[in-house]
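Chain by chain, the residues run as shown.
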Amino acid sequence: QVQLVESGGGLVQPGGSLRLSCAASGNIFVIYAMGWYRQAPGKQRELVAAITGAGTPTYANSMKGRFTISIDNAKNTTYLQMNSLKPEDSAVYYCNADAASVGGSLLIWWGQGTQVTVSS
């Protein structure tokens, strides 16, 4: 089993910044990639950014230049630095990981989510 725990969400004013963290734990054999998705009320879950274990990032177009994803393989942790936040960035942010546990299959694991609210 692989567990993902997000942290760092909260309330921030427009133009502000937040840094989200997602730590993977459990009987991990390998993590190939980690990523962030978000879901606002009444909307579908959408990709924010993803990063391979080698450090190659991918961003949704609307996040390019404002968000930065990084990964610390030693800590099995991914970070999402969010700058110039807008009210439309408000959502529950979910972390996921393409990972295999020891003796297990490669699966996509999800965290419980952390709320980000951008409001004055």
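Residues numbered from 1 in each chain as written. Predicted model: local features only at pLDDT ≥ 70, side-chain atom pairs only at ≥ 80, totals over all residues. Heavy atoms only, no water.

## Focus: the pairing of strand E1 (residues 2-7)
Alright, step 1. Residues Val-2, Leu-4 and Glu-6 line the buried face of E1, whereas the alternating positions Gln-3, Val-5 and Ser-7 sit on a face that is not buried.
Alright, step 2. Here E1 pairs with strand E3 (residues 18-26) via 6 bridges, running antiparallel. Pairing of Gln-3 across the sheet is with Ser-25, part of E3. (Buried < 20%, exposed > 50% of the residue type's maximum accessible area, 1.4 Å probe, protein only. Helix = DSSP H or I, 4+ residues; strand = E, 2+ residues; numbered from the N terminus. Pairing = 2+ DSSP bridges.)

## Some thoughts on unusual backbone geometry
Alright, step 1. Here the phi dihedral of Asn-76 falls at roughly 50°; this positive angle occurs in a residue that is not glycine.
Alright, step 2. Structurally, Asn-76 is set in the loop between strand E7 (67-72) and strand E8 (77-82).
Alright, step 3. Residue classification places Asn-76 among the partly exposed residues on the basis of a relative accessible area of 25%.
Alright, step 4. Here the phi dihedral of Ser-84 falls at roughly 50°; this positive angle occurs in a residue that is not glycine.
Alright, step 5. Within the secondary structure, Ser-84 sits in the loop between E8 and strand E9 (91-101).
Alright, step 6. Exposure remark for Ser-84: the relative accessible area of 40% places this residue in the partly exposed category.

## Brief notes about the environment of Ile-28
Alright, step 1. Among the secondary structure elements, Ile-28 is positioned in strand E4 (residues 28-39).
Alright, step 2. Separated by 74 residues in the primary sequence, Ile-28 and Val-102 have C-alpha atoms spaced 5.8 Å apart.

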